[in-house]
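# Working through the structure, step by step
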Amino acid sequence: MKKLITIAACMFASYGVVRSEQANPVPAAAQAPAPARGAVAPDPPAAPYEEVKGWGPGVAGNFDWEPAGVDVDRSGRVYFLRRSDPPIYMMEPSGKVLKTFGTAMFVWAHGLSVDRQGNVWATDCAVGPSAGSQPQLQKLNQAAVAAGRGHQVYKFSPDGKLLMTIGKAGQPGEGPGQFHCPSDVIVAPDGSFFVSDGHEDTPNARILKFTKDGKFIKTWGTRGKEPGQFASPHALAFDSKGRLFVGDRGNRRIQIFDLDGNFLDQYTGFGSASGIAITADDTIYVTETGRHVLFVGDAKTGKVTGMIPDVWAEGVGADNEGNVYVGEVFRHVWRKFTRKK
């Protein structure tokens, strides 16, 4: 499942966080850069996966189907977040659509995850793509713009009912109750949750931690290249040890932290990590937007074991049966890969 065993998102109740606590700096012991491990070979071997052709409802080349976050719940159901209404799709592994929800709530949908209870979490980055992106990717949901939404994190029940809203609608900021383009969200086994806040063209570049009830606990990270700093913290995942993996896309690395924000390690072999999924056996899948590939590796060691070429995706989700789902943001298609027998 995308965010380990925990593994996945917006309108009748909101929770505006107002309490601030001391930011959590990177400990002095972690200031020195950790050794970069798992450097990828120029041409890693082909990973033993094959595509399930024609999977899901997405229509290649149709910008109304531009995908964002992807995740898989504990029963194997697949969740896709797209940047048109309705934005959230719950599907069977076969690609059959079971439910959709979240209409008119996202300005520019971005990250999605499903927690242990099947609740769906999603982020609204709101600012849209980087200035240098393709013109077609600049499209925003005008219904959500008109409603004053954006820069928020939503929690839905498995049935699609809005349970919680974090952030101030349409008000980007740096305070503990504000976001400026939250890119991803993930829930720990104890119910606390983490939000990666910031995109390439925004001032924020940090991780925020909240209680299960949405109360702010701490934040760490600034824009930069040192351990504990970020240049677009784009994706979040947990491994089997409960370590928090952050796809630091702008710095072409994955940084690893404990749940208190202490820097533990970094992997550079996966390149510009846009999406991360880690299964129960610590197989890690990383979408790399520089080379347009899907890397497969070992989350324990940082070793890249293979890759699936020609995958222009950001979001990625995986289950423990060897099924991998990606959202090709540039080509507007939803794809499924299965492990070869």
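All figures in this text were calculated on a predicted structure; none of them were measured in a lab. (Residues numbered from 1 in each chain as written. Predicted model: local features only at pLDDT ≥ 70, side-chain atom pairs only at ≥ 80, totals over all residues. Heavy atoms only, no water.)

Moving on: the overall build of the protein chain. In terms of helices and strands, the protein chain carries one helix and 24 strands. Considering the protein chain as a whole, with its 341 residues, one finds that 60% of them fall into the buried category. Entry remark: accessible area of the protein chain is about 12,500 Å², with carbon and sulfur atoms responsible for 53%. (Helix = DSSP H or I, 4+ residues; strand = E, 2+ residues; numbered from the N terminus. Buried < 20%, exposed > 50% of the residue type's maximum accessible area, 1.4 Å probe, protein only. Areas by Shrake-Rupley, 256 points an atom, 1.4 Å probe, with all protein chains shown as cover.)

Within the fold, T283 resides in strand 19 (residues 283-288). Residue contacts for T283: discarding those within four places in its chain leaves A277, I278, V296 and G297. Reaching out from T283, the side chain makes a polar contact with the side chain of D281 at a distance of 3.0 Å. (Contact = heavy atoms within 4.5 Å. Polar contact = N/O pair within 3.5 Å; in protein donor to acceptor, adjacent residues only side chain to side chain.)

A complete count under the given rule lists 22 aromatic pairs for this structure. Judged by centre distance (6.2 Å) and plane angle (80°), the rings of F194 and F238 are edge-to-face. You can see F194 sitting in strand 11 (residues 193-197) and its partner F238 sitting in strand 14 (residues 233-238), a full 44 residues away along the chain. Each member of the pair, F194 as well as F238, carries the same accessibility label: buried. An aromatic cluster is defined as three or more aromatic residues linked by ring pairs; in this entry it consists of W55, W65, F80, Y89, Y325 and W334. Taking NZ or CZ as reference, R83 lies 3.8 Å from the ring centre of W108, over its face. (Phe/Tyr/Trp six-rings, centres within 6.5 Å; stacked < 30°, edge-to-face > 60°. Lys NZ or Arg CZ within 6 Å of the ring centre and 35° of its normal.)

Looking now at the sheet that holds strand 20 (residues 293-298). With antiparallel pairing, the four strands of this open sheet are ordered in space as 18-19-20-21. Both edges of this open sheet fall to strand 18 (273-278) and strand 21 (304-309), since each of them pairs with a single strand only. Averaged over all adjacent pairs, the angle separating strand axes in this sheet is 20°, with direction ignored. In the sheet, strand 18 pairs with strand 19 via five bridges, with the strands oriented antiparallel. In the strand pairing of strand 19, A277 is matched with Y285. (Pairing = 2+ DSSP bridges. Axes fitted to C-alpha atoms, helices over the stretch in contact; angles between N-to-C directions.)

A word on the confidence of the model for the protein chain. Per-residue pLDDT for the protein chain has a mean of 88; in total, 88% of the residues score no lower than 70. A low-confidence stretch, residues 2-36 (pLDDT under 50), is modelled with 125 contacts involving residues beyond four sequence positions or located in other chains. (pLDDT = per-residue confidence, 0-100.)

All right, on to the side chain of T123 then. Mapped onto the elements of the fold, T123 is located in strand 7 (residues 120-124). In this structure T123 comes out as buried when scored by relative accessible area, which is 0%. At a separation of 2.9 Å, a polar atom in the side chain of T123 contacts the main-chain carbonyl oxygen of P182. Beyond its immediate chain neighbours, meaning those up to four positions away, T123 contacts L81, F106, W108, A109, H110, G111, Q152, V153, P182, S183, D184 and V185.

Burial along strand 4 (residues 88-91) is two-sided: the residues I88 and M90 and Y89 and M91 are all buried. The pairing of strand 3 (residues 78-82) with strand 4 spans four bridges and is classified as antiparallel. Opposite L81, over in strand 4, you have I88 as the bridge partner. With antiparallel pairing between neighbouring strands as the criterion, strand 3 and strand 4 make up a hairpin whose turn holds five residues. As consecutive antiparallel partners, strand 4 and strand 5 (residues 97-101) are separated by five residues, and within that stretch G95 has a phi angle of approximately 100°, a positive value.

So, about the side chain of N141. Looking at the secondary structure, you find N141 in the loop between strand 7 and helix 1 (142-146). Polar side-chain contacts of N141 include one of 3.1 Å to the backbone nitrogen of A143. Discounting chain neighbours no more than four positions away, the residues touching N141 are D85, F106 and V107.

With 17 residues, the main nonpolar core has F245, I254, F270, I276, I284 and V286 as its most contacted residues. Of all the secondary structure elements, the ones that give two or more residues to this core are strand 14, strand 16 (253-257), strand 18, strand 19, strand 20 and strand 21. The dominant element in this core, judged by the number of residues it contributes, is strand 18, at three residues. Apart from residues no more than four positions distant in its own chain, I254 is found in contact with F245, V246, D248, D265, Q266, Y267, F270, A273, I276, I284 and V286. Ranked by size, the runner-up nonpolar core spans 16 residues in total, among them F106, A109, Y154 and F156. (Core = buried A, V, L, I, M, F, W, Y, C linked by side-chain atoms within 4.5 Å.)

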